[in-house]
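Below are the chains, spelled out letter by letter.
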Amino acid sequence: MAHVLILYATSEGQTAKISAEIVNNLRELGYGATRKDLETWPGIYDVKDFDAIIIGASVHFHQYPKEIVAWIESNLETLKRKLSGFYSVSMTGAQETEVGRERTDDYLTKLFEKTGWHPKLVASFAGAMRYSELDGVRQRVGQFVSWRTGGETDIAQDNEYTDWRAVRDFSAEFARYLQLSEKTHV
Ligand SMILES: Cc1cc2nc3c(=O)[nH]c(=O)nc-3n(C[C@H](O)[C@H](O)[C@H](O)COP(=O)(O)O)c2cc1C
């Protein structure tokens, strides 16, 4: 049974929540799955112990956390040898317009060009806006990002935009790739 590592970087928690759903989905589909928060995972990055890896990261100020970018760069050779996937979490992912898709594609293209990593499966999920987790400038920026992407601007409530069916579809597709790679390695 293949074992998948889901490594994520989150600020307000939505990327972590999505990683938990992917773990459940993969386990239901008969695979081993373990998730790790890049921030708290101790320095032993033994990716080699896993058969495949999915990385998840959220966008803030038009970019993914520099820690995850650095991690991808320093583990590039291992990543290239394994089946890998990436999911992006953002507010532009919630914007079902040409502009929204272009912005999301732009975040992804920049990441893949910078790191030289080209995961087999890529998805962009709508995130959440948890105003209660934010204060000061970050709350105002979050409100602006929500306004610009058609989200809720009332800071009295937190809002989740993630399409959970899209997350399950991503897990199922990744499982299909796992099955294929198992077949080709017999
Ligand atoms: C301060 C701030 C800046 C953000 N900047 C962007 C951005 O540039 N583009 C975007 O699409 N979403 C942006 N977002 C939305 C986040 O990507 C979204 O809230 C996501 O769910 C965060 O995921 P996390 O909880 O895993 O960190 C921003 C959110 C905050 C709070």
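Before reading on, note that the structure itself is shown above.
These remarks concern the structure in this document. Every value quoted in this text rests on a predicted model; they were computed, and no experiment measured them. (Residues numbered from 1 in each chain as written. Predicted model: local features only at pLDDT ≥ 70, side-chain atom pairs only at ≥ 80, totals over all residues.)

Take unusual backbone geometry next. You will see that Phe61, though not glycine, has its phi angle at about 50°, which is positive. Here Phe61 shows up in the loop between strand S3 (52-58) and helix H2 (66-74). A positive phi angle is found at His62, which is not glycine, with a value near 70°. The residue His62 is located in the loop between S3 and H2 in this model. (Helix = DSSP H or I, 4+ residues; strand = E, 2+ residues; numbered from the N terminus.)

If you check the shell around the ligand, you find 23 residues, and the closest are Glu12, Thr15, Ser58, Ser90 and Gly127. Listing elements by their share of the shell around the ligand, those giving two or more residues are helix H1 (14-28), strand S4 (83-90), strand S6 (128-129) and helix H5 (136-148). Residue contributions to the shell around the ligand peak at 4 residues, all from H5. Of the residues in the shell around the ligand, the class split is 9 nonpolar, 12 polar and 2 charged. (Near = placed C-beta within 6 Å. Nonpolar A, V, L, I, M, F, W, Y, C, P; charged D, E, K, R; others polar.)

A few words now on the nonpolar core. If you look at the biggest cluster of nonpolar residues, it comprises 42 residues, and the most contacted ones within it are Val4, Ile6, Ile54, Ile55, Ile68, Tyr87 and Phe125. At the level of elements, strand S1 (3-9), H1, S3, H2, S4, strand S5 (121-126), S6 and helix H6 (164-184) are the ones that each hand at least two residues to this core. For this core, the leading source of residues is S1, giving 6 residues. Ignoring any residue separated from it by four or fewer positions in sequence, one finds Val4 in contact with Leu26, Tyr31, Gly32, Ala33, Phe50, Asp51, Ala52, Ile53 and Ile54. (Core = buried A, V, L, I, M, F, W, Y, C linked by C-beta atoms within 7 Å. Buried ≥ 20, exposed ≤ 12 C-beta atoms within 10 Å, placed from the backbone. Contact = placed C-beta atoms within 7 Å.)

Let us now look at H6. With 21 residues, H6 should cover 30 Å at 1.5 Å per step; its first-to-last C-alpha distance of 31 Å lies within 8% of that length. All buried positions along H6 are accounted for by Val167, Phe170, Ser171, Phe174, Ala175 and Leu178. Taken down its axis, H6 places every buried residue within 135° of arc, on the same side. Exposed and oriented more than 90 degrees from the buried face of H6 are Arg165, Arg176, Leu180, Lys183 and Thr184. (Expected span 1.5 Å × (residues − 1). Arc of directions from axis to C-beta.)

How two helices pack is summed up by the angle between their axes together with the distance between the axes. Where H1 contacts H6, the axes come no closer than 9 Å and their chain directions differ by 50°. The orientation of H1 relative to H6 falls into the category oblique. Judged by the sense of rotation from one axis to the other, the crossing of H1 with H6 is right-handed. Residues Ile18, Glu21, Ile22, Asn25 and Leu26 of H1 lie in contact with H6, whose contacting residues are Trp164, Val167, Arg168, Ser171 and Ala175. Its residues assigned to classes, the contact of H1 with H6 comprises 6 nonpolar, 2 polar and 2 charged. (Axes fitted to C-alpha atoms, helices over the stretch in contact; angles between N-to-C directions. Parallel < 35°, antiparallel > 145°, perpendicular 65-115°, else oblique. Left-handed = near helix turned anticlockwise from the far one by under 90°.)

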